[in-house]
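The residues making up each chain are set out below.
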Amino acid sequence: MSAQWGKITPEEIVNPISGVIEFEAEPCALGSSNNFIPGISTDSRNISPGMFFWALRGEQYNGHDFCRNAIEESAAGIVVEKEWWNKNWSEFIVGSSLHASNKRGLVVISVEDTLKALGDLAGWWRRNHNATVIGITGSAGKTTTKEMTANILEQRNKTLRNQGNFNNLIGLPLTLLQLDDEYRNAVLEMGMNHPGEIARLTKIADPHIGLITNVGMAHVEGLGNLEGILSAKWELVENMSPEARIILNGDDELLKKRAAASRREIVTFGLDKTNDVRAINITNLGVKGIRFDIDFHGKTSAAELSVPGIQNVSNALAASAIAICLDEPPAGIAEGLLRFTGIKGRFMAIRLPEGIVIIDDTYNANPLSLKAAFNSIEDMLQKDAGRIIVGLGEMMELGDQTVTAHKEAGRSVAELNPFHFLAMGRHANEMIQGALEAGMPQNRMEIVKTHGEMIQSINDKMREGDLIYLKGSRKIEMEKVVEGLKSMTSRSEGVS
């Protein structure tokens, strides 16, 4: 049996998902348990003829409410929860207003939990393909590391990667289900905000290589404290097979401590000389990027990034460590890293007229990523002398650490000594208070209530050669400030 869409029948997926065929109407071109499935979708709006609709329960919507829509859009089958089917089968099949032609050939499969079944199907699918799977998690840098790694690996072999935010219990399985026999690698980012999620993702993906970028205060609300975050990230290691390779950030004290107590063989990356893969001879090129040499047990090779930020050196080392474990040549590693041109909202430099540069770091925020960003900005300012304006939105999901973290953010801003500091959100006052306590003058900071206020204030203050740094949690939508500033200039000179 070939695990390829268009060659798999409903009957063949029943066993991997512990399902039951509850209903099979009179066969037709689209349906029946012996016909091939061209694919699945969890969105009834994206159904092509013959596909199966997978009904998932979400925070805002219940996919079961859209089963009829999916069938009307020519779905050949639906996968639903048994409890729902037991309550709705009569009305749905016998008494529904669906036209008879919609129900011909329809196959209904029930499972106990459609989310678990989706993961089970993806795990089965992954085991029926020969791709090398890489799992990447951590508090910061996951997406950049994933993109850099995929850039390196895809030069020689077809490589699958998560798209957008497809890094959770829905997105990762849907990504894995794209595997076919042409793929040789799958680079998977693994996100989480509750204990057990990384464990489940690891069991689904069964990675050959697992990497943790770092551990910091992110999603503290669901995990309690740093030890809770560490334990959640370490679920990757605990659930990998004994033969799998483990790669850790050797500069991260929490990871170093946990690794020391582990009996697993571990490859480390970082700037410290004790790491297996490290960076030496680092040259900061400011907004143009960074040059450095990659050292692996005394063997060195040159590398360059066309994106700014010293934290990206750590991400590049992580990607390089994965590539080294897969015997990728140094030239391929260097070329793959150079091809990385950045990710929107993740420390991306946007050039405006008159030498003004916006550092768009608006995709998300937590204390660890903010600290890394400020370290990078300090290095950039040494290379590109000029004023800096900082605009911060609040950070989410920090639980009991919320007030402390925002005060610390303000103190970090003060240490950066910007020309002006703007804070927005429910905890803007704590950020301002932290900056005041660290000695920043009151007249160089302000609280703004809206994106429009921040845009106007920055636009009024910025001048030739300024660097404007913007960051905030996803829900604060700080990207609106970026777009507003761009629109208020006559033209943008491009993105680097």
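Look a little higher up for the structure.
My aim in this report is to walk through the structure given alongside it, one point at a time. Only a predicted model underlies this, so the values are computations on that prediction, with no experimental measurement involved.

As for the sheet that holds strand β4 (residues 77-81)
Here's step 1: Read from one edge of the open sheet, five strands run β1-β5-β4-β3-β2, paired in mixed fashion. Each of the sheet's edge strands pairs with one partner strand only, and the pair in question is β1 (20-24) and β2 (40-41).
Here's step 2: Where β4 meets strand β5 (residues 107-111), five bridges bridge the pair, whose relative direction is parallel. When the sheet's bridge partners are listed, Glu-81 is paired in β5 with Val-111.

A word on the packing of helix α8 (residues 197-205) against helix α10 (residues 226-238)
Here's step 1: Interhelical geometry of α8 versus α10 gives an angle of 15 degrees and a closest axis separation of 7 Å. Relative to α10, α8 is oriented roughly parallel. For the pair α8 and α10, the sense of crossing is right-handed. Of α10, the residues touching α8 (which contributes Glu-197, Ile-198, Ala-199 and Thr-202) are Ala-232, Lys-233, Glu-235 and Leu-236.
Here's step 2: For the contact of α8 with α10, the residue count by class is four nonpolar, one polar and three charged.

Overview of the pairing of strand β15 (residues 348-351)
Here's step 1: With four bridges joining them, β15 and strand β16 (residues 357-361) adopt antiparallel strand pairing. Pairing of Met-348 across the sheet is with Asp-360, part of β16.
Here's step 2: Count of turn residues in the β15/β16 antiparallel hairpin: five residues, of which Glu-354 carries a positive phi of about 65 degrees.

Topic: the environment of Leu-176
Here's step 1: Within the fold, Leu-176 resides in helix α7 (residues 171-176).
Here's step 2: Considered as a pair, Leu-176 and Gly-119 are 57 residues apart in the sequence and their alpha carbons are 9.4 Å apart.
Here's step 3: If sequence neighbours within four positions are ignored, Leu-176 has contacts with Ala-122, Trp-125, Arg-126, Leu-160, Leu-188, Ile-204 and Ala-205.

A few points about the side chain of Asp-120
Here's step 1: As for its position among the elements, Asp-120 is in helix α5 (residues 114-127).
Here's step 2: If we skip the residues at most four places from it in the chain, Asp-120 touches Pro-16, Ile-17 and Arg-200.

Observations concerning the pairing of β16
Each regular strand displays side chains that alternate between the two surfaces of the sheet.
Here's step 1: Along β16, five of the five residues are buried, which leaves the element largely enclosed by surrounding structure.
Here's step 2: Side chains Val-357, Ile-359 and Asp-361 project from β16 onto one buried face, and the interleaved Ile-358 and Asp-360 project onto a second face that is buried too.
Here's step 3: As paired elements, β16 and strand β20 (residues 467-471) share five bridges and run parallel to each other. Note on β20: the bridge partner recorded for Ile-359 is Tyr-469.

Calculation notes
By convention here, each chain's residues receive numbers from 1 onward along its written sequence. In view of the model being predicted, local features appear only for residues whose pLDDT reaches at least 70, and side-chain atom pairs are presented and counted only at 80 or more, with totals across whole chains, interfaces and linings using the full set of residues. Excluded from the side-chain calculations are hydrogens and water; all other atoms, namely the structure's heavy atoms, are used. Pairing between strands requires that DSSP locate at least two bridges from one strand to the other. Segments assigned H or I by DSSP are reported as helices when at least four residues long, segments assigned E as strands when at least two residues long, and all are numbered from the N terminus. Here an axis means a line fitted to C-alpha atoms, over the contact stretch when the element is a helix, while the angle between two N-to-C directions is reported on a 0 to 180 degree scale. Roughly parallel means an angle under 35 degrees; roughly antiparallel means over 145; roughly perpendicular covers 65 to 115; every other angle is labelled oblique. What makes a crossing left-handed is the near helix being turned counterclockwise from the far one by less than a right angle; a clockwise turn instead makes it right-handed. Contacts were defined at the residue level, with two residues in contact if any of their heavy atoms lie within 4.5 Å. Residues are grouped as follows: nonpolar covers Ala, Val, Leu, Ile, Met, Phe, Trp, Tyr, Cys and Pro; charged covers Asp, Glu, Lys and Arg; every other residue, Gly included, is treated as polar. When a residue's accessible area, from a 1.4 Å probe over protein chains only, is under 20% of the maximum for its type it is buried; when over 50% it is exposed; and in between it is partly exposed.

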